[in-house]
Each structure stands twice: as structure tokens, then as C-alpha cells.
Amino acid sequence: MSKVAVFAHRGASGTHPENTAAAFAEALRLGVEAVEFDVRLTADRKMVVIHDATVDRTSDGHGEVRHMTLAQMTELDAGAWFDAQYTGERFKTLEAVLDLLAGDVRLNIHVKVDDRDRDILAPMVARELVDRDLIDRAFIAADQLALALVRRVDARLAICNLSVEPQRNYIRRSQALECGILQPRNAATDAALVAQAHACGMEVNPFFADDEEEMERLIDCGVDGILTNEPAKLQAVLGRRSAV
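Scope of this entry: the structure provided in the associated data block. (Residues numbered from 1 in each chain as written. Predicted model: local features only at pLDDT ≥ 70, side-chain atom pairs only at ≥ 80, totals over all residues. Heavy atoms only, no water.)

1. Quick word on the pairing of strand β2 (residues 34–41)
Here β2 lies mainly inside the structure; eight of its eight residues are buried. Burial of β2 is two-sided: the residues Ala34, Glu36, Asp38 and Arg40 facing one way and the residues Val35, Phe37, Val39 and Leu41 facing the other way are all buried. Across three bridges, strand β1 (residues 5–9) lies against β2 in parallel orientation. Bridge pairing links Ala8 to Val35 in β2. A crossover links β1 with its parallel partner β2, the connecting element being helix α1 (residues 21–30), and its sense is right-handed. As defined by bridge partners, β2 adjoins strand β5 (residues 106–111) across six bridges and the pair is classed as parallel. Pairing of Val39 across the sheet is with Val111, part of β5. Pairing geometry for β2 and strand β3 (residues 47–49), over three bridges, is antiparallel. (Buried < 20%, exposed > 50% of the residue type's maximum accessible area, 1.4 Å probe, protein only. Helix = DSSP H or I, 4+ residues; strand = E, 2+ residues; numbered from the N terminus. Pairing = 2+ DSSP bridges. Right-handed = clockwise from strand over helix to strand, strands pointing away.)

As C-alpha cells, then:
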């Protein structure tokens, strides 16, 4: 059986506040193959690592990211909502997170955009990766329109198509983009989809699995990697299987 890569979703977000230095440090300590995180654009056009469109769920603040400056966001506590021991964690810029994740861990960067900022943020992230010479270690995951913008910056950048619907032509649409990485929903992932993607030269990393039974099912489907909030649990599952 081929090695299945562990993708720490928003860092080790099951045990640490997501998309923070603490979550990323834990993922590195565990020795995962890849770390996934999200990037949005602030009001002053800075690249900040956060999943949601607002800061409400993952901080002590309120408001939309696109209406806040980076300075306003970094004043917020991004850890205490998860557990008091993480009080003082702050939102980080993309640049700071790339510094934290130096080494050989693979970077799965989700660019969170819509029609208001797609043409700004997608090229900004792409240029940052090219300037840092991360083409061989990082890939950008985004919707189809954003991926087209990324390719205009540098066609060597690996891309992952997050426009999964309609599912019936997901692989064909991804082929048209020259996309080598798919991230289907876990419920939509089966052995037939994986086999078809592999026949087209694409890797398949479903989103997501935290339950051991679902992890086992996806592994049996032949996936290349699995996004999970519980990377240590997935490592344990893989370890047991390899020992058999």
C-alpha cells in the first residue's frame, strides 16, 4: 500500500486553536507530511491566515475580515476561545506562517476569495510563493476562477481545484485547468473516483476525516492523503495498518 499523507487541517486544530502558531507547531512536532491553512485579504490588503469571513468564532472580536486592518486583527486574542491555556495567540500573516513552517513539510494553502477580492488576493499569494522559492513544496487550493489567476503568475505552481460541484464533471474540469491535485468531500470519495483521478495523473486528498472508521474507508479507497483535524489519530491508524 502506498503511503497516505497526513494533512493537518488548519494545523493540529482538533487539539489546538486553528490556524495559529500553536496549532502549526503541534503539527510539526507530530511530523505530519503536510499542513493546510487558509488565507484572506484584510481591508488594507494584507494576507492574513484565517478560515472564516469573520473573526467572531475564532477570537474575542467581531467583524468581517475584509473590513478590518491587519493591525486591528492582530490586537485580538485568537486562542482563548479554544482553551484558556492558549490565551494570547494572535492571527498571523501569510508571511509569518510561511516562516513558521520552514523545512520540508508540504504546504496546502487555501485562498479564500469571492468576486470582490479574487483578482487581488490570488495573485498576491502566488507571487509570495514564487518569491520564496516554494514552488516545489507548496500548492494553492482555490476555486476555478482563482486558480486561473494563479497560473498567470507562474504556470509551475501546483494547484488544487476546490470547485467540487458539480461532482459529475469535477475531474474533467480540473483536467482543463491542468490541475494535479483534487480535494473532494470525503462523502463523495470512493474507489472509482480515486482510480479515475489517478488515471488522469491527479492525486486525491479528501476533506476530511476525524473518525477512525472514515479514515480507514478513505485509505481503502486508495487516496493519497487525508485532511484531518486529528493528525495524531490518523497517524495511529496508519501505524496500525502498516504493522499488520
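That was the structure; now back to the text.
2. A short note on helix α8 (residues 212–221)
Burial in α8 covers these residues: Glu214, Met215, Leu218, Ile219 and Cys221. For α8, the angular spread of the buried residues around the axis is 155°, confining them to a single face. Opposite the buried face of α8, by more than 90 degrees, sit the exposed residues Glu213 and Asp220. Residues of α8 that are buried sit in contact with α7 (191–199), β10 (225–228) and α9 (231–243). One side-chain oxygen of the residue at the start of α8 lies 3.0 Å from the amide nitrogen of Glu213, identifying that residue as Asp211. Phi for Gly222, located one or two positions after α8, is positive at around 90°. (Arc of directions from axis to C-beta. Contact = heavy atoms within 4.5 Å. Polar contact = N/O pair within 3.5 Å; in protein donor to acceptor, adjacent residues only side chain to side chain.)

3. A look at the packing of helix α4 (residues 118–131) against helix α5 (residues 144–153)
Running from N to C, α4 and α5 point in directions that differ by 45°, and their axes come no closer than 8 Å. By the angle between their directions, the pair α4 and α5 is classed as oblique. Relative to α5, α4 is oriented so that their crossing is right-handed. For the pair α4 and α5, contact is made by Arg118, Asp119, Ala122, Pro123, Ala126 and Arg127 and by Leu145, Ala146, Leu149, Val150 and Val153, respectively. Looking at the contact of α4 with α5 residue by residue, the classes come out as eight nonpolar, no polar and three charged. (Axes fitted to C-alpha atoms, helices over the stretch in contact; angles between N-to-C directions. Parallel < 35°, antiparallel > 145°, perpendicular 65-115°, else oblique. Left-handed = near helix turned anticlockwise from the far one by under 90°. Nonpolar A, V, L, I, M, F, W, Y, C, P; charged D, E, K, R; others polar.)

4. A few points about the side chain of Asp154
Its location among the elements puts Asp154 in the loop between α5 and β7 (158–161). In this structure Asp154 comes out as buried when scored by relative accessible area, which is 13%. Residues contacting Asp154, with those up to four places away along its chain left out, are Val130 and Ile135.

5. Quick look at the packing of α8 against α9
Contact geometry for α8 and α9: axes closest at 10 Å, N-to-C directions at 55°. The pairing of α8 with α9 is recorded here as oblique in orientation. Where α8 crosses over α9, the two elements pack in a sense that is right-handed. For the pair formed by α8 and α9, the contact residues are Glu212, Met215, Glu216, Ile219 and Asp220 on the first element and Lys233, Leu234, Val237, Leu238, Arg240 and Arg241 on the second. A class-by-class count of the residues in the contact of α8 with α9 yields five nonpolar, no polar and six charged.

6. Notes on the environment of Leu147
Tracing the sequence through the fold places Leu147 in helix α5. In this structure the C-alpha to C-alpha distance between Leu147 and Ile159, which are 12 residues apart in sequence, comes to 6.7 Å. Sequence-distant contacts of Leu147, defined by excluding residues within four places in its chain, comprise Ile140, Ala142, Ile159, Cys160, Asn161 and Leu177.

7. A look at the pattern of salt bridges
Taken as a whole and judged by the stated rule, the model has 20 salt bridges. Between Arg185 and Glu165 there is a salt bridge whose closest N-O contact spans 2.9 Å. Taken together, the residues span a long stretch of sequence, with Arg185 in the loop between β8 (181–182) and α7 and Glu165 in the loop between β7 and α6 (170–176) at a distance of 20 residues. With a shortest N-O distance of 2.7 Å, Asp220 and Arg241 are connected by a salt bridge. Linking Asp220 in helix α8 with Arg241 in helix α9, this pair joins segments that are 21 residues apart in sequence. (Salt bridge = Lys/Arg side-chain N within 4 Å of Asp/Glu carboxyl O.)

8. Section: the environment of His67
Here His67 lies in the loop between β3 and α2 (70–74). Among all residues touching His67, those that are not within four sequence positions of it are Ala43 and Gln72. At 3.4 Å, the side chain of His67 forms a polar contact with the side chain of Arg66.

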